[in-house]
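One-letter residues, chain by chain:
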Amino acid sequence: MLRTAAQRMGSGLRSSSQSGLNSALAQQRMMSVVAVEQPPTQHSSKYYMDLEEKFGAFNYAPMPVVLSRGEGSKLWDVDGKEYFDFASAYGSVNQGHCHPRIRDAMVDQMSKLTLTSRAFHNDKLGEYVKFVTEYFGFDRALPMNTGVEGGETSIKLARRWGYNVKGIPENHAKVVFAEGNFWGRTLAATSSSTDPTSFTGFGPFMPGFHNVPYNDLAALEKEFKEDFNVCAYMVEAIQGEAGIRVPDEGYLSKVKALCEKYNVLLIVDEVQTGIGRTGKLLCQEYDGVKPDITILGKSLSGGLFPVSAVLASHEIMLQLKPGEHGSTYGGNPLACAVATEALKVLEEEGMVENARVMGERLRDGLRSMNSELITNIRGRGLFNGITIQERGGKGAYELCHKFMENGLLTKNTQGDKIRLAPPLMISSAQIDQSLEIIEKSIKEFTA
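Owing to the predicted nature of the structure, the values given are computational and were not obtained by experimental measurement.

Cut-off values and rules
- Residues numbered from 1 in each chain as written.
- Predicted model: local features only at pLDDT ≥ 70, side-chain atom pairs only at ≥ 80, totals over all residues.
- Heavy atoms only, no water.
- Phe/Tyr/Trp six-rings, centres within 6.5 Å; stacked < 30°, edge-to-face > 60°.
- Helix = DSSP H or I, 4+ residues; strand = E, 2+ residues; numbered from the N terminus.
- Buried < 20%, exposed > 50% of the residue type's maximum accessible area, 1.4 Å probe, protein only.
- Lys NZ or Arg CZ within 6 Å of the ring centre and 35° of its normal.
- pLDDT = per-residue confidence, 0-100.
- Contact = heavy atoms within 4.5 Å.
- Polar contact = N/O pair within 3.5 Å; in protein donor to acceptor, adjacent residues only side chain to side chain.
- Pairing = 2+ DSSP bridges.
- Salt bridge = Lys/Arg side-chain N within 4 Å of Asp/Glu carboxyl O.

Evaluated as defined, the whole model comprises 9 aromatic pairs. Aromatic pair Phe131 and Tyr135: ring centres 5.4 Å apart, planes at 45 degrees, arrangement tilted. Within this pair, Phe131 and its partner Tyr135 are both found in helix α6 (residues 125-136), separated by 4 residues, close to a single helical turn. Residues Tyr214 and Tyr251 carry aromatic rings whose centres are separated by 5.7 Å and whose planes lie at 65 degrees to one another, so their mutual orientation is edge-to-face. A residue pair is termed long-range when its members are at least 10 positions apart, and Tyr214 in the loop between β6 (209-212) and α10 (217-226) and Tyr251 in helix α11 (residues 251-261) qualify at 37 residues. The class of Tyr251 is buried, set by a relative accessible area of 2%. In textbook terms, an aromatic cluster arises when at least three aromatic residues are bridged by ring pairs, as seen for Phe131, Tyr135 and Phe136. A cation over an aromatic ring shows up here: Arg69 above the ring of Trp76, its NZ or CZ 3.9 Å from the ring centre. Lying over the aromatic face of Phe138, Lys290 brings its terminal NZ or CZ to 5.0 Å of the ring centre.

A separate point is the confidence of the model for the chain. Close inspection of predicted coordinates is inappropriate in any region flagged by low pLDDT. Looking at the chain as a whole, the pLDDT averages 92, with 91% of positions reaching at least 70. Low confidence marks residues 28-35, where pLDDT is under 50. Its contacts with residues over four positions away, or in another chain, come to 10 contacts.

Quick look at the environment of Lys112 now. Residue placement: Lys112 occurs in the loop between α5 (100-110) and α6. With a relative accessible area of 56%, Lys112 lands in the exposed category. Counting along the chain gives 222 residues from Lys112 to Leu334, while the straight-line C-alpha distance between them is 9.1 Å. A polar side-chain atom of Lys112 sits 3.1 Å from a polar atom in the side chain of Asp108.

What follows is about the sheet that holds strand β1 (residues 67-71). Spatially, β1-β2-β3-β13 is the arrangement adopted by the 4 strands of the open sheet, whose pairing is mixed. Unpaired on one side and paired on the other, β1 and β13 (408-409) mark the two borders of the sheet. Sheet topology note: the strand β2 (residues 74-77)/strand β3 (residues 82-85) ladder contains 3 bridges and is antiparallel. Across the sheet, the residue bridging to Leu75 is Tyr83, located in β3.

Structurally, Gly274 can be placed in the loop between β8 (265-269) and β9 (293-296). C-alpha of Gly274 to C-alpha of Ile295: the two residues are 21 residues apart in sequence and 8.7 Å apart in space. In contact with Gly274, other than residues within four places in its own chain, are Asn94, Leu281 and Leu282.

Before going further, it helps to spend a moment on the pattern of salt bridges. A side chain of one charge can pair with a side chain of the opposite charge when the charged atoms of the two come close. The tally for this structure, following the rule as stated, stands at 24 salt bridges. In this structure, Asp227 and Lys174 form a salt bridge, with 2.5 Å as the shortest nitrogen-oxygen distance. Remark: Lys174 occurs in strand β5 (residues 174-178) and Asp227 occurs in the loop between α10 and β7 (230-236); sequence separation between them is 53 residues. Here Arg356 and Glu360 are joined by a salt bridge, their closest N and O atoms 3.2 Å apart. Of the two residues, Arg356 and Glu360 both sit in helix α14 (residues 351-368), 4 residues apart, roughly one turn of that helix.

Right, let's get into the environment of Trp76. With respect to the helices and strands, the residue Trp76 is situated in strand β2. Since its relative accessible area comes to 13%, Trp76 is described here as buried. C-alpha separation for the pair Trp76 and Val66, spaced 10 residues apart in sequence, amounts to 8.5 Å. Residues contacting Trp76, with those up to four places away along its chain left out, are Leu67, Ser68, Arg69, Gly70, Glu71, Lys81 and Glu82.

We now examine the pairing of strand β12 (residues 383-388). For β12, a buried count of 6 out of 6 residues is recorded, marking the element as mostly surrounded by other parts of the structure. Both faces of β12 are covered, namely the face carrying Phe383, Gly385 and Thr387 and the face carrying Asn384, Ile386 and Ile388. Where strand β11 (residues 374-380) lies against β12, 6 bridges are found, and the strand directions are antiparallel. Along β12, the bridge assignment pairs Ile377 with Ile386. Connecting the antiparallel pair β11 and β12 is a turn made up of 2 residues, with Gly381 showing a positive phi of about 55 degrees. Direction of pairing for β12 relative to strand β15 (residues 417-420): antiparallel, over a ladder of 4 bridges.

The structure is reproduced here in structure tokens:
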């Protein structure tokens, strides 16, 4: 049985006499004040949720379900109930839960070498960065662990490029972001946010960050035109946390033209929209755009391991010199092996095209319901959102609970919006079954 911290402290006491030992043991028993009730043979959902309540932080408000197993597009809770996963860990399991090929690649590498730090070379990193740059069509890759680290890395690259190449005066570089952005919860990400939940109570914030309305080219050009010191515009190809906000067709290509006109770098955050999620390998392909910097994460590992990457040109990436940026885990051999296999699976199993076809099937099915409850349906591929009209003081949050009762898991965002984003390997039969659950839930909700 695992001991509490107090018990470990007590057991460390030493005495030169039997009486001292007895005293120490008595003290140990007295110090065991953080006792946890012994778990029952069959762990209930309440047991696990109570442990989180008692010992965890309250930085999330999860749905009241405790999951214990996943396979493909499905999840099971501790009671054995089956669900369709329409959240995909915010786009982290595009290839499906516990994909056997990715899992086997991970286990194989774990038995050889997992971590060296970047103080030494390893036999996986070189092959991985060659593979990933050729796969996505960029010159160079800088591997990190999480999406937010990719964002931080991109901003550092853009600032350094601004000083060394564009000629911005030292410490005056500015980065422009779209309103409604979400790319993490570090202080830099919080500083760029326009969501009070993200920034309230966490100031002071990062200087040199500005916001313009999303999908507003005139406002963006005004920002570029009035300030030479703007080094980059960082934007999501589709805003995810904002409620699956799809910009006007051609938005990114017009943004790229503005960036070229004013000598500003375009950073496209594809952490959620990339890796086939929208029915293209990268969402930027819809506009035929190649940004100066692209950020990848989440499904880069198929959901088995935190892996992210920043892709850029020689000119931009080589602004960094040894010691100026890094990560102990970034580019570790385990991550390289897992990410390589995850990308191979995506291509070889036709998941990008499946996302496109299944996304159309999903949206067509939603439209055919003709529900007054759903006021808007939007998305690309399997990155979709619906807006829910409140009824009797109940709305998207309560509808997600009804989905859960009927066997489908997702969560609302921004109050009245629900994302519908299953793994990319979902079948047409499973899409149809999921639509039946959604329609049944809506009917029960409005009854």
